[in-house]
Amino acid sequence: MARKTGYVYEERYMWHNPWGCQYSPLVQPFKHWEGAETKRRFHNLLLVSGVYTHLKHLQPVKPASDDQIELVHTMEHIQDMKEKSARMEGGYSDDETTFTQYAFDIAALAVGGIIHAVDKVMEGEVDNAYVLCRPPGHHAVPTKGMGFCIFNNIAIAARHLLKTYPDEIKRIAIVDYDVHHGNGTQDTFYRDGEVLFISVHQDSNYPINSGHAHEMGEDDGQGATINIPLPPGSGRGAYKYAFDKVVIPALDRFQPDYILVSSGFDASYADPLSAMMLSSSDFRFMASSLVSAAERICKDRIVFVHEGGYSELYVPFCGVAVVEAMMGVGAGDVVVDPFLNEVNHWGGQDLQSHQIQAVDRVSELHKL
């Protein structure tokens, strides 16, 4: 079924410029992992393939206001970002979250882009939307940025929906398939029963000691946090089993009024910051499963928000696969992944016994 898919992309997103990295005085510095190139190449593939012509580019985008950012973050964090971003040398939130001058403006524009997208879906202008923004957001906690993230874009969008559409939006599900645990999103909603947070990630990658299966929420949020930590080396079999056994049944049980997706592509076989083996077809499968769930459960309301993914070569093919799935375009109808045959033949792609055990434990904990 063809769907009208919205698209948010602003040139200024590409101007976010974290400092280079140097983890040892004996090793030459190199560019920061969270660079513009993966996102720009994703956008360019949409353009040159012609997929872009079938999207509705949602413009203009306005920066989020302080009040909107404060739906999740403390005013102290907001002011700290403003002050550091005004300096010529920029600043940092932690040792991996560095930024140059004007970073606050770009981060606020990223939040504004997501708010714009979720509103356009609510208004019926588009069926769904993909937000290709940076900096990413899912590691940012209410009091500070971390893990390349300044503001938690997707968490702010969720709070915006709950506040702006109280009669229509009472429950939101956030699904995060970025390879790193969405600790900031979890922290934001850990005691909140209105938001179901599901994270499928590599076990014990980043942050350290975060995203364990026994982290299930507290108080009103008890059971509304579902962590699926997959063993390193997981491929298509493990992710399909996790979706079929936990992710989709959890969505069906929760019955959200809106689904938001933290769309990171760093679980791909080519990513330098993970040890997973996914291909573009696996991201297509996850996106198709989530879009189908939104169609069945919440009137098609679903927005994908870009997070991580650090392979300049492979992120574009994974990203376009997701956008095609959102549009209802079949695999290979427009863009052919030239690396798909290679990754599909890697050993260990099929479901393994230790991966079954990891997923089954989550299913048992949550009685799914």
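Residues numbered from 1 in each chain as written. Predicted model: local features only at pLDDT ≥ 70, side-chain atom pairs only at ≥ 80, totals over all residues. Heavy atoms only, no water.

1. Points about the overall build of the protein chain
Here is step 1: Tallying secondary structure elements over the protein chain gives 11 helices and 10 strands in all.
Here is step 2: Computed over the C-alpha atoms, the radius of gyration of the protein chain is 19 Å, within 12% of the 21 Å expected from 2.2 N^0.38 for a compact globule of 368 residues.
Here is step 3: On the principal axes, the C-alpha backbone points of the protein chain span a range of 55 × 50 × 45 Å.
Here is step 4: Here the protein chain holds 368 residues, and 60% of them are scored as buried.
Here is step 5: Sequence separation of at least 24 residues holds for 77% of the intrachain contacts in the protein chain that already meet a minimum separation of 6.
Here is step 6: Here the protein chain displays about 14200 Å² of accessible surface, and carbon together with sulfur accounts for 51% of that area.
Here is step 7: Once the 30 positive and 48 negative side-chain charges of the protein chain are each reduced to a mean point, those two points are 3 Å apart. (Helix = DSSP H or I, 4+ residues; strand = E, 2+ residues; numbered from the N terminus. Rg over C-alpha atoms; globule rule 2.2 N^0.38 Å. Buried < 20%, exposed > 50% of the residue type's maximum accessible area, 1.4 Å probe, protein only. Contact = heavy atoms within 4.5 Å. Areas by Shrake-Rupley, 256 points an atom, 1.4 Å probe, with all protein chains shown as cover. Lys, Arg positive; Asp, Glu negative; His and termini not counted. Charge placed at Lys NZ, Arg CZ, Asp CG, Glu CD.)

2. A closer look at the sheet that holds strand 1 (residues 5-8)
Here is step 1: Pairing is parallel across the open sheet formed by 8 strands, whose spatial order is 2-1-5-10-9-6-7-8. Two strands lie at the open edges of the sheet, namely strand 2 (56-57) and strand 8 (225-230), each paired on one side alone.
Here is step 2: In the sheet, strand 6 (residues 172-176) pairs with strand 9 (residues 258-263) via 5 bridges, with the strands oriented parallel. For Ile172, the partnering residue across the bridge sits in strand 9 and is Tyr258.
Here is step 3: Contacts between helix 4 (residues 103-123) and the sheet are confined to strand 1, strand 5 (128-131), strand 9 and strand 10 (302-306), with strand 5 contributing the most and set at about 170 degrees to the helix. (Pairing = 2+ DSSP bridges. Axes fitted to C-alpha atoms, helices over the stretch in contact; angles between N-to-C directions.)

3. Thoughts on the environment of Phe99
Here is step 1: Checked against the element boundaries, Phe99 lands in strand 4 (residues 97-99).
Here is step 2: Sequence separation between Phe99 and Ala224 is 125 residues, and the spatial gap between their C-alpha atoms is 33 Å.

4. Comments concerning the pattern of salt bridges
Here is step 1: By the definition in use, this model includes 18 salt bridges.
Here is step 2: With a closest N to O distance of 3.0 Å, Arg134 and Glu34 form a salt bridge. Placement of the pair is Arg134 in the loop between strand 5 and helix 5 (153-164) and Glu34 in the loop between strand 1 and helix 1 (37-49), with a sequence separation of 100 residues. Like Glu34, Arg134 is buried.
Here is step 3: Close ionic contact of Lys120 with Glu125 constitutes a salt bridge, the shortest N to O distance being 3.3 Å.
Here is step 4: According to the relative accessible area criterion, Lys120 is buried, its value standing at 17%.
Here is step 5: Take Glu125: its relative accessible area is 28%, and that puts it in the partly exposed class. (Salt bridge = Lys/Arg side-chain N within 4 Å of Asp/Glu carboxyl O.)

5. Points about the packing of helix 8 (residues 280-297) against helix 9 (residues 315-327)
Between two packed helices, what matters for the description is the angle formed by their axes and the separation of those axes.
Here is step 1: At a closest axis distance of 8 Å, the pairing of helix 8 and helix 9 adopts a crossing angle of 30 degrees. By the angle class used here, helix 8 and helix 9 are roughly parallel. Considering the relative orientation of helix 8 and helix 9, their crossing is right-handed. Along the contact surface, helix 8 presents Ser280, Phe283, Arg284, Ala287, Ser288 and Val291, while helix 9 presents Phe317, Cys318, Ala321, Val322, Glu324, Ala325 and Met326.
Here is step 2: Split by residue class, the contact of helix 8 with helix 9 holds 9 nonpolar, 2 polar and 2 charged. (Parallel < 35°, antiparallel > 145°, perpendicular 65-115°, else oblique. Left-handed = near helix turned anticlockwise from the far one by under 90°. Nonpolar A, V, L, I, M, F, W, Y, C, P; charged D, E, K, R; others polar.)

6. Considering the side chain of His201
Here is step 1: Within the secondary structure, His201 sits in strand 7 (residues 195-202).
Here is step 2: Separated by 2.8 Å, the side chains of His201 and Ser199 make a polar contact.
Here is step 3: Non-local contacts of His201, meaning those with residues more than four positions away in its chain, are made with Asp178, Val179, His180, His181, Ser210, Gly211, Asn227, Ile228, Pro229, Leu230 and Met276. (Polar contact = N/O pair within 3.5 Å; in protein donor to acceptor, adjacent residues only side chain to side chain.)

7. Brief notes about the nonpolar core
Here is step 1: Counting residues in each nonpolar core, the largest one holds 113 residues, and the members touching the most others are Ile228, Leu251, Leu260, Leu290 and Phe304.
Here is step 2: Here this core takes 14 residues from helix 4, the largest share from any one element.
Here is step 3: Residues within four places of Leu290 in sequence aside, it is in contact with Val175, Tyr177, Phe243, Val247, Ile248, Leu251, Ile259, Val261, Ile302 and Phe304. (Core = buried A, V, L, I, M, F, W, Y, C linked by side-chain atoms within 4.5 Å.)

8. Considering the environment of Gly328
Here is step 1: Position of Gly328 among the secondary structure elements: in the loop between helix 9 and helix 10 (340-344).
Here is step 2: Sequence separation between Gly328 and Gly348 is 20 residues, and the spatial gap between their C-alpha atoms is 30 Å.

Everything listed is a geometric property; what it means functionally is a separate question.
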